[in-house]
Amino acid sequence: MIDSKIPAGPLEHKWTDYKGHCKLVNPANKRKLEVIVVGTGLAGASAAASLGELGYQVKAFCFQDSPRRAHSIAAQGGINAAKNYQNDGDSVFRLFYDTIKGGDYRAREANVHRLAEVSVNIIDQCVAQGVPFAREYGGLLNNRSFGGTQVKRTFYAAGQTGQQLLIGAYQALERQVALGKVKMYTRHEMLDVVVIDGKARGIICRNLVTGQLERHFAHAVLLCTGGYGNVFYLSTNAMGSNVTAAWKAHKKGAYFGNPCFTQIHPTCIPVSGDHQSKLTLMSESLRNDGRIWVPALKGDKRAPNDIPEEERDYFLERRYPAFGNLVPRDVASRAAKERCDAGYGVGTTGQAVYLDFKFNLINKYGKAEANKLGIANPDTNTLIKLGNEVVKEEYGNLFDMYEKITGENPYEVPMRIYPAVHYTMGGLWVDYELMTSVKGLYALGEANFSDHGANRLGASALMQGLADGYFVVPYTIGNYLADEIATKPISTSHPAFEEAEQKAAARINQLLSIQGKQTVESFHKRLGRIMWDKCGMARDEKGLKEAISAIRQLKAEFWSDVRIPGGSDQMNPELDKAGRVADFIELGELMCQDALDRKESCGGHFREESQTEEGEAKRDDVDYAYVAAWEYQGDSQWQLHKEALQFEVAKPSQRSYK
Amino acid sequence: MQHYTMNLTLKVWRQKNASTAGHFETYPVAEISSEMSFLEMIDVLNEKLIKEGKEPIAFDHDCREGICGMCSMYINGRPHGPWQQNTTCQLHMRAYKDGDTIVVEPWRANSFPVVKDLMVDRSAFDRIIQAGGYISVNTGNAVDANAIPVEKEKADSAFAAAACIGCGACVAACKNSSAMLFVSAKVSHLALLPQGHPEKKKRALSMVAQMDKEGFGACTNTGACEAVCPKGISIENIARLNREYMMAGLSESE
Ligand SMILES: Cc1cc2nc3c(=O)[nH]c(=O)nc-3n(C[C@H](O)[C@H](O)[C@H](O)COP(=O)(O)OP(=O)(O)OC[C@H]3O[C@@H](n4cnc5c(N)ncnc54)[C@H](O)[C@@H]3O)c2cc1C
Ligand code: SF4
Ligand code: FES
């Protein structure tokens, strides 16, 4: 049986009760306890800083050249919090409810409620650190709205919210480094977890500059290593984002939760050709002001501005009048795919739809500005000019980014967008305390499976990462470490460290010795193709089975024909990439396995076999209201454990945004 | 937008590690699409090198969307290449035409030693932040986020300064290898906000002291940094830092 350790009592008291009763570690003992934090994104940096402040001895690791460069830096649109500063009916309960519903009733109520509770503290903390959120003229904080909600609860800093939040957490982290409480290891990649007597006691990592393998001991290990969207090769994730740390933990006994739950984001810049190395997101916040459409006429090749209003199909507004352009991501993505598959797509490839700002530019912003300036009966050009200025302030960096990539000016022509892989709801299974199924091994942020069910709402990942790191783990880790105060540091010459390092070294040597003909990149691309085609926006039994056998074949080919230049005792980015791709291949198989097992459609997981007559996802609460927690049992073998989900407060209903 | 393909000659700095000398290598690259990004063009070259049994060119990159600050190429004598307010990863090949020769080097500055090929060590920037680039507030200490209103204008200026991505192009562009733009951006970001006031004197003094200790050169106001900064960080920040530093120095000696 899986024990998720959800505290007893009414939902809204669980976290308060937990905090009131969990074990504490006194300051003198904290100084003797060591904690490893792998990853310095929002989750890792906030955890490492907070644990350092509490007095633990922390070691933090990242593979980039500075902790400030973690992938969180790229988050654009914003962070949710139930502050209700807008007086528009928001509350902790509503944020909880929206998240559960948005996740299509596949997340744990207790975790999500806690997330909504601490969301308000996050904003306070960030402002105190100097995060320059957008403000109104009165000096108070501004909000915008995001998909899947009907309130304005998203705090933001232009289109650079992740950057500003991460810099806040990074500065807090560097402060602890200066105080000697955190030791920072940059350009280090974790290659294994060391488990002794059933407890995580350290890690093996590779110094990416020298190539040396290193051993590090700790009383507890936190994996804050981000999501695995790059299993699809093309995604909005940073190039280095990988599953390696989580995957190695999985192989050491940590269950992997809901691996097939991936989020395909509706508004990304479309693929331009085979050379494409990554995809760029255009933030969901743009859907506040942009309207999505395709020509109503199949194969209409006219330039977008030449297509008159009545010949446009605003398909989201048509299909989902209540939420319109602000339906959740999974719904918006599938609707765009449906139009493109039916032949209404635009651009050279036909794999794109328009995101058009003109209407709101003129009617919302232009008119409001003209009013403020007292311009009576402004003409359209004046309105556009005035509207442009507001839009520039709100989204300037995104518009610039679009123009740099496509060479087109989105102030004048509508953006072309298409769905792309963006986020992974699945991840290491964790209990209420964020501990994996290996004692003393925790997973935070995107690396865990916890709060977003089968679909994440926009602006909730930043919230979750910071909740986990600033406000959850500092409490829950104490509950574990309180029993470890008598554990003396274990020498890294312990046989378990010895063995783990030897295994890591052997794998590196094996990879280098293959000396085949095909590059790592070419394998990664092929894996991505399989995953996108068969385990992407729509999945079915036949395709998934084909994918599994194709992946097995790819794996065999990889291990007999990959070519990696250079050696192991030097900086070798190709070698690092090879290790990551090898892990992605194994993960890909498990994702397909999980997708195959879950015969219902829910959230981002759309099984062709399970849809309503109108083509909406059809959930099956009788058979599938569970978290799939997969236990590794050897090469291509897993055992499925089911954590039943109980909904005591948010009663499941078929999601409707109509 | 008209797309085209081109053939180019690349001259790239190759250096095994920090302790060996480097040199330029020349590589022809063919059939490059104008729609590629500059780094995708390097990817194409690297794939070719690997297939030829050679070592690919090492370079730093991660987000490839101009925000992580990792990419750092000195292209035809200009950090991040020819476009204004742009990072290397966002430079696209439509900036070039068939037959062009492109010279690619790492950042050149004593405080940024080369790690390998086009990668440099910018950890000096982290150490400057450690010296005081933060507000000392432990988790849980904060008051309600709306308790202290901040004038919109100040908040916007703080944000503009905080937009720095820590790439180091400013240092690479400066003939003195000065880090003043980077340091002033952080000092301004925090000094402009009421939350940053209590520590502002100490912050300016210790960050500048650390900057000097790291061996960055003096600022002689050439403005080269501002011209290449991908985030448009203004040299007005340097003026502000100088003011903050002077005032801090005065009150320190009282
Ligand atoms: C383009 C984009 C825009 C987004 N916009 C938003 C938004 O507006 N709002 C929102 O809420 N969410 C957004 N998201 C999602 C959100 O940014 C991420 O889910 C979140 O930042 C993840 O944070 P993290 O701390 O879990 O991981 P990351 O920030 O990914 O950090 C991972 C860390 O782990 C380290 N690491 C990984 N593997 C290893 C290893 N093997 N060894 C050592 N270190 C390792 C890395 O170095 C890094 O420090 C966006 C995502 C993308 C891609
Ligand atoms: S000031 Fe500009 S050039 Fe210098 S590090 Fe910051 S972003 Fe880069
Ligand atoms: S790769 Fe991140 S800024 Fe260029």
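Residues numbered from 1 in each chain as written. Chains lettered and ligands numbered in written order. Predicted model: local features only at pLDDT ≥ 70, side-chain atom pairs only at ≥ 80, totals over all residues. Heavy atoms only, no water.

In this section: the overall build of chain B. Counting secondary structure elements, chain B contains 8 helices and 7 strands. Buried positions account for 58% of the 254 residues belonging to chain B. For chain B, the share of sequence-separated contacts (at least 6 apart) that also reach a separation of at least 24 residues comes to 69%. With the model as given, the accessible surface of chain B reaches about 10,100 Å², and the carbon-plus-sulfur share is 52%. Looking at charge distribution, chain B has the averaged site of its 26 positive side-chain charges lying 3 Å from that of its 29 negative ones. (Helix = DSSP H or I, 4+ residues; strand = E, 2+ residues; numbered from the N terminus. Buried < 20%, exposed > 50% of the residue type's maximum accessible area, 1.4 Å probe, protein only. Contact = heavy atoms within 4.5 Å. Areas by Shrake-Rupley, 256 points an atom, 1.4 Å probe, with all protein chains shown as cover. Lys, Arg positive; Asp, Glu negative; His and termini not counted. Charge placed at Lys NZ, Arg CZ, Asp CG, Glu CD.)

Turning next to the side chain of Asn-143 of chain A. All names here are of chain A. With respect to the secondary-structure elements, Asn-143 resides in the loop between helix H5 (109-129) and strand S4 (154-155). In this structure the side chain of Asn-143 is engaged in a polar contact, spanning 2.6 Å, whose partner is the side chain of Gln-86. Of the polar contacts made by the side chain of Asn-143, one reaches the backbone oxygen of Thr-154; its length is 3.3 Å. Among all residues touching Asn-143, those that are not within four sequence positions of it are Tyr-85, Gln-86, Lys-152, Arg-153, Thr-154, Phe-155 and Tyr-156. (Polar contact = N/O pair within 3.5 Å; in protein donor to acceptor, adjacent residues only side chain to side chain.)

Here we take up the domain arrangement of chain A. Residue and element names in this part refer to chain A. Segmenting chain A into domains produces domain 1 (266-421) and domain 2 (495-644). The centre of domain 1, based on its C-alpha atoms, is set 34 Å off from the matching centre of domain 2. Contact with domain 1, which involves 11 residues of that partner, is made by 11 residues of domain 2. It is Asp-330, Arg-334 and Lys-337 that lose the most area in domain 1 upon contact with domain 2, and together they represent 50% of the buried surface on that side. Where domain 1 meets domain 2, there are 1 salt bridge. Notably, a salt bridge pairs Arg-319 with Glu-616, separated by 3.1 Å at the nearest N-O pair. Where domain 1 meets domain 2, there are 4 residue pairs in polar contact (both at pLDDT 80 or more). Where the side of domain 1 that touches domain 2 is concerned, the elements lending two or more residues are helix H9 (329-341) and strand S15 (415-424). Considering only residue class, the side of domain 1 that touches domain 2 consists of 5 nonpolar, 1 polar and 5 charged. (Domains from an automatic or database assignment. Buried area = accessible area lost by both parts, 1.4 Å probe. Salt bridge = Lys/Arg side-chain N within 4 Å of Asp/Glu carboxyl O. Nonpolar A, V, L, I, M, F, W, Y, C, P; charged D, E, K, R; others polar.)

All names here are of chain B. Domain annotation of chain B identifies domain 1 (5-105) and domain 2 (122-250). Distance between the C-alpha centres of domain 1 and domain 2: 30 Å. On the domain 2 side, the residues contacting the 16 residues of domain 1 number 13 residues. With both sides pooled, the region where domain 1 packs onto domain 2 buries about 980 Å², and carbon together with sulfur makes up 52% of that total.

What follows covers the sheet that holds strand S8 (residues 213-217) of chain A. Residues and elements named next belong to chain A. The antiparallel open sheet is built from 3 strands, whose spatial order is S6-S7-S8. Strand pairing shows two members of the sheet lacking a second neighbour, strand S6 (188-196) and S8, which therefore form its edges. Going across the sheet, the axis of each strand differs from the next one's by a mean of 25°, ignoring polarity. The sheet contact formed by S6 and strand S7 (residues 199-207) spans 8 bridges and is antiparallel. (Pairing = 2+ DSSP bridges. Axes fitted to C-alpha atoms, helices over the stretch in contact; angles between N-to-C directions.)

Taken together, 38 residues lie around ligand 1, and Gln-64, Ser-72, Gly-77, Met-190 and Glu-446 of chain A are the ones closest in. With respect to ligand 1, the chains having nearby residues are chains A and B. One nitrogen or oxygen atom from the main chain of Thr-40 of chain A is found 2.8 Å from an oxygen atom belonging to ligand 1. Leu-42 of chain A is positioned with one of its backbone polar atoms (N or O) 3.1 Å from an oxygen atom of ligand 1. Here ligand 1, which alone exposes 1,000 Å², has 98% of that area covered by the protein. Residue assignment for the shell around ligand 1 shows that the elements contributing at least two residues are helix H3 (42-54), S6, S15 and helix H12 (461-481) of chain A. A per-element tally of the shell around ligand 1 places S6 of chain A first, with 3 residues. Here the shell around ligand 1 is composed, by residue class, of 16 nonpolar, 18 polar and 4 charged. (Near = heavy atom within 4 Å.)

Close contacts around ligand 2 come from Phe-125, Cys-164, Ile-165, Gly-166, Cys-167, Gly-168, Ala-169, Cys-170, Leu-181, Cys-229, Pro-230 and Ile-233 of chain B, and that covers them all. Each residue belonging to the shell around ligand 2 can be placed in one class, and the counts come to 10 nonpolar, 2 polar and no charged.

Quick look at the confidence of the model for chain B now. In the predicted model, chain B carries a mean pLDDT of 96, and the fraction of residues at 70 or more is 98%. Across the interface, the model reports ipTM at 0.98; the global pTM reads 0.97. (pLDDT = per-residue confidence, 0-100.)

Two side chains with opposite charge may pair up if their charged atoms get near one another. All names here are of chain A. By the definition in use, this model includes 73 salt bridges over all chains. One salt bridge in this structure joins Glu-614 and Lys-658, with 4.0 Å as the shortest N-O distance. One end of the pair, Glu-614, is in the loop between helix H16 (573-597) and helix H17 (621-624); the other, Lys-658, is in the segment after strand S21 (638-644), and 44 residues separate them in sequence. The exposure class of Lys-658 is partly exposed, given its relative accessible area of 40%.

Listed per partner, the contact involves 73 residues of chain B and 75 residues of chain A. With both sides pooled, the region where chain B packs onto chain A buries about 6,100 Å², and carbon together with sulfur makes up 53% of that total. Remark: the boundary between chain B and chain A carries 5 salt bridges. For Lys-278 of chain A, the salt bridge is made with Glu-65 of chain B, and the minimal N-O distance between the two is 2.8 Å. Inspection of the chain B/chain A interface yields 45 residue pairs in polar contact (both at pLDDT 80 or more). Taken together, the elements giving at least two residues each to the side of chain B that touches chain A come down to helix H1 (38-51), strand S6 (114-116), strand S7 (119-120), helix H2 (123-130), helix H3 (152-162) and helix H5 (180-191) of chain B. A per-element tally of the side of chain B that touches chain A places H3 of chain B first, with 6 residues.

Bringing the sheet that holds strand S1 (residues 5-14) of chain B into the picture now. All names here are of chain B. Pairing is mixed in the open sheet, where 5 strands are placed in the order S2-S1-S5-S3-S4. In this open sheet, the two strands that pair with only one neighbour each are strand S2 (23-33) and strand S4 (78-79). Pairing between strand S3 (residues 74-75) and strand S5 (residues 101-105): 2 bridges, direction antiparallel. Across the sheet, Ile-75 pairs through a bridge with Val-104, a residue of S5.

Right, let's get into the packing of aromatic side chains. Throughout the structure, instances matching the rule amount to 31 aromatic pairs over all chains. Between Tyr-395 of chain A and Phe-399 of chain A the ring centres are 6.4 Å apart and the planes differ by 15°, which places this aromatic pair in the stacked class. Taken together, the residues Tyr-395 of chain A and Phe-399 of chain A, both in helix H11 (residues 380-406) and 4 residues apart, mark about one turn of the helix. The class for Tyr-395 of chain A is buried, based on a relative accessible area of 1%. Arranged with centres 5.2 Å apart and planes meeting at 80°, the rings of Trp-13 of chain B and Phe-24 of chain B form a pair that is edge-to-face. Linking Trp-13 of chain B in strand S1 with Phe-24 of chain B in strand S2, this pair joins segments that are 11 residues apart in sequence. Classification of Phe-24 of chain B as partly exposed rests on a relative accessible area of 38%. By way of ring pairs, the aromatic residues Tyr-228, Trp-247, Phe-256, Tyr-632 and Trp-638 of chain A are connected into one cluster. The ring of Tyr-314 of chain A has Arg-291 of chain A sitting right over it, with the charged end atom 3.8 Å from the ring centre. (Phe/Tyr/Trp six-rings, centres within 6.5 Å; stacked < 30°, edge-to-face > 60°. Lys NZ or Arg CZ within 6 Å of the ring centre and 35° of its normal.)

All names here are of chain A. At a closest axis distance of 8 Å, the pairing of helix H4 (residues 92-102) and H5 adopts a crossing angle of 135°. With respect to H5, the element H4 is oriented oblique. Between H4 and H5 the crossing geometry is right-handed. For the pair H4 and H5, contact is made by Val-92, Leu-95, Phe-96, Thr-99 and Ile-100 and by Glu-109, Val-112, His-113, Ala-116, Glu-117 and Ser-119, respectively. Residues belonging to the contact of H4 with H5 are distributed by class as follows: 6 nonpolar, 3 polar and 2 charged. (Parallel < 35°, antiparallel > 145°, perpendicular 65-115°, else oblique. Left-handed = near helix turned anticlockwise from the far one by under 90°.)

Right, let's get into unusual backbone geometry. Even without being glycine, Leu-434 of chain A reaches a positive phi, approximately 70°. Tracing the backbone through its elements, the reader meets Leu-434 of chain A in the loop between strand S16 (427-428) and strand S17 (441-443). By relative accessible area, which is 0% here, Leu-434 of chain A ends up buried. The backbone phi angle of Asn-221 of chain B is positive, close to 55°, even though this residue is not glycine. Relative to the elements of secondary structure, Asn-221 of chain B occurs in the loop between helix H6 (200-213) and helix H7 (224-228). Judged by its relative accessible area of 61%, Asn-221 of chain B falls in the exposed class.

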